[in-house]
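Descriptive structure summary
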Amino acid sequence: MNVNLVHLHLVLNHVPTVGTIVALGLLLLAFAKKSDHVERASLAVFVAIALVSLPTYMTGYSAEQAIKDRPGVSAALIETHQSAALLALIFMEVTGVVAWLGLWQARRPSGRTRWNAPVVVILAAVSLGLMASAANIGGEITHPEIMAAGDAPMGTLAPDVFKTSYIARFQFTRPWAWPMLEAVHFIGLSLLFGIVLVGNLRILGLMRNARFVDIHRLLPWGVWGFVINSVTGMLFFIGQAFQYIDNPAFHLKVVFMLLAGANVLYLTLFDEVWALGPGDTAPLSAKAVAVSQIFLWIGVIYFGRMLPYLGDAF
Amino acid sequence: MESYFQWLQSLPPSVWISESESIWAYPLVLFLHSVGMGLSVGSAFAICLRLLGVARPLPVSSLRVLFRIFWGGFYLNLVTGSLLFAAAATRTGYIPVYYVKLILILFGMIVSIPIRRFVDGEAIDRVIPVRIRTLAAVSVVIWTSVITTGRLIAYIQ
């Protein structure tokens with residue numbers, strides 16, 4: 001299993017850099033051609049990259065475990081790569097959230113706010129720079145030949161608080177930190193699950209006197225729930241990575257979460273749900289998506305709860 | 001109290017939950033308790049957000065059906081929560097934060113009564129009285145505190 005996850009890291013680690021270049025190119029093309037369709041496509045790609053960046057970061061720990069004892073592999077270089085990657089990941093996630101907000105705003109009668117597009121461009125450019133830097137340091141771990149002779153290894157702009165060891169020590173030395181993160185993680189779960197449930201129940205025919213446009217206005221709160229749980233979840237992961245990386249429940253949880261997260265894009269991108277007026281019945285395809293979304297989120301909760309039982313996390 | 005806790009813990013469902021190694025025993029009850037939390041607190045959050053002014057064009061009357069989900073999750077957690085307590089009564093029964101959680105749940109139910117009455121009424125959709133908005137905010141605080149105290153039960157020895 002471990003070998004597969006190392007492979008996965010080597011495949012996924014191209015997505016944040018190459019993907020961001022493509023999405024940024026699409027966005028600039030959309031500005032030049034004044035095409036709303038291309039612009040929305042580019043924003044959707046940013047959301048997808050933000051989702052894929054999470055397993056990109058997490059599989060890095062499997063790669064670390066696989067090579068850390070090899071001769072010639074520098075532990076300090078791995079740590080530098082890891083904190084550079086965390087800084088880049090944070091910018092990538094913020095870019096994804098702001099891109100999602102742009103997609104959501106485009107559905108409002110008042111349209112997108114003027115700040116959205118330029119902020120996405122700036123965030124994407126910064127993320128790209130940070131990701132490229134993290135990737136460069138990562139490359140030096142196993143390919144010392146790319147460094148010129150006598151060159152010092154690349155440094156990172158990331159401050160010490162981005163070091164895995166710093167975050168783990170913080171949790172370890174403060175006994176209240178872990179329980180508090182757990183409480184916040186469950187509050188975020190309720191917020192995310194409740195809002196997504198409301199959107200999907202309308203598609204399934206409950207709350208039929210409401211237009212979907214109006215339900216849609218609740219969705220950012222579901223996304224805040226997702227943000228709360230990504231942050232607290234990543235802090236659990238960074239604090240105790242080695243109880244998760246080989247845990248089958250964790251693998252399934254992440255797969256379900258990525259599918260469910262991508263699925264939520266459906267609620268903002270597709271016209272068939274968007275056009276639902278008061279009393280309207282959603283088409284069967286929309287109902288199928290709604291059922292799959294509810295199933296996927298319940299699956300995320302199930303595998304989250306099973307972390308100590310299918311695996312050995314506490 | 002000790003004899004009562006011991007009696008609870010000796011009941012067949014309690015013994016099954018605490019002693020079975022099956023993934024469908026204790027872990028399943030724990031999972032269902034989380035789903036019940038998502039259903040009840042999640043729908044309460046959605047109702048309260050609308051009453052606090054989010055998604056203003058959404059008709060308040062459309063929230064009525066969410067109360068059914070709220071109570072569905074509530075009863076699921078009443079059952080699963082009772083099972084979890086019975087299985088560990090001699091431990092959980094001596095944790096003060098457990099009783100704080102129960103009292104908070106009681107407060108949450110009391111606050112839900114006037115909120116329910118308002119949503120069921122014929123009130124004009126766009127105007128939410130300050131009293132109802134305050135109750136919605138109080139309700140959000142109560143349910144987040146219920147979750148926090150619930151999580152703490154697992155960590156206090």
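Residues numbered from 1 in each chain as written. Chains lettered and ligands numbered in written order. Predicted model: local features only at pLDDT ≥ 70, side-chain atom pairs only at ≥ 80, totals over all residues.

**Things to note about the overall build of chain A**
Looking only at helices and strands, chain A has 12 helices and zero strands in total. When the elements of chain A are put in sequence order from the N terminus, they spell out α-α-α-α-α-α-α-α-α-α-α-α. Here chain A has a C-alpha radius of gyration of 21 Å; the compact-globule value for 314 residues is 20 Å, and the two agree. Projecting the C-alpha coordinates of chain A onto the three principal axes gives extents of approximately 70 × 50 × 35 Å. Relative to its full complement of 314 residues, chain A shows a buried share of 41%. Of the contacts formed within chain A by residues at least 6 apart in sequence, a portion of 78% connects residues at least 24 apart. (Helix = DSSP H or I, 4+ residues; strand = E, 2+ residues; numbered from the N terminus. Rg over C-alpha atoms; globule rule 2.2 N^0.38 Å. Buried ≥ 20, exposed ≤ 12 C-beta atoms within 10 Å, placed from the backbone. Contact = placed C-beta atoms within 7 Å.)

**Structural notes on the interface of chain B and chain A**
Counting residues at the interface gives 29 residues for chain B and 28 residues for chain A. If you list the elements that add at least two residues to the side of chain B that touches chain A, you get α3 (26–51), α4 (64–87) and α7 (130–153) of chain B. Here the side of chain B that touches chain A gets 13 residues from one element, more than from any other, and that element is α3(B). The class makeup of the residues in the side of chain B that touches chain A is 20 nonpolar, eight polar and one charged. (Nonpolar A, V, L, I, M, F, W, Y, C, P; charged D, E, K, R; others polar.)

**Examining the domain arrangement of chain A**
Residues and elements named next belong to chain A. Splitting chain A by domain gives domain 1 (1–157) and domain 2 (163–314). When each unit is reduced to the centre of its C-alpha atoms, the spacing between domain 1 and domain 2 is 22 Å. Counting residues at the interface gives 21 residues for domain 1 and 20 residues for domain 2. Here the element with the most residues in the side of domain 1 that touches domain 2 is helix α4 (residues 75–106); it accounts for nine residues. Taken together, the residues of the side of domain 1 that touches domain 2 sort by class into 14 nonpolar, four polar and three charged. (Domains from an automatic or database assignment.)

**Some details on the packing of helix α12 (residues 284–305) of chain A against α3(B)**
Closest axis-to-axis distance for the α12(A)/α3(B) pair is 9 Å, and the angle between their directions is 140 degrees. When the axes of α12(A) and α3(B) are compared, the pair comes out oblique. The two elements α12(A) and α3(B) cross, and the hand of that crossing is right-handed. Between α12(A) and α3(B), the residues in contact are Ile298(A), Ile301(A), Tyr302(A) and Arg305(A) and Pro27(B), Leu30(B), Phe31(B), Ser34(B), Val35(B) and Gly38(B), respectively. Within the contact of α12(A) with α3(B), the residues separate by chemical class into seven nonpolar, two polar and one charged. (Axes fitted to C-alpha atoms, helices over the stretch in contact; angles between N-to-C directions. Parallel < 35°, antiparallel > 145°, perpendicular 65-115°, else oblique. Left-handed = near helix turned anticlockwise from the far one by under 90°.)

**Observations regarding the packing of helix α2 (residues 12–19) of chain B against α4(B)**
A packed helix pair is summarised by two numbers, namely the angle formed by the two axes and the spacing between the axes. All names here are of chain B. Put simply, α2 and α4 touch, their axes get as near as 8 Å, and they point 80 degrees apart. With respect to α4, the element α2 is oriented roughly perpendicular. Counted together, Pro13, Ser14, Ile17 and Ser18 of α2 and Leu83, Ala86 and Ala87 of α4 form the full contact between these two elements. For the contact of α2 with α4, the residue count by class is five nonpolar, two polar and no charged.

**Things to note about the environment of Ile115(B)**
Relative to the helices and strands, Ile115(B) resides in helix α6 (residues 96–120). Not counting chain neighbours up to four residues away, the residues in contact with Ile115(B) comprise Ile47(B), Ile132(B), Leu135(B), Ala136(B) and Ser139(B).

**A closer look at the environment of Gly155(A)**
Residue and element names in this part refer to chain A. With respect to the helices and strands, the residue Gly155 is situated in the loop between α5 (116–142) and α6 (164–173). Note on Gly155: 10 C-beta atoms within 10 Å, which makes it exposed. Taking the C-alpha atoms as reference points, Gly155 and Asp246, separated by 91 residues in sequence, lie 30 Å from one another.

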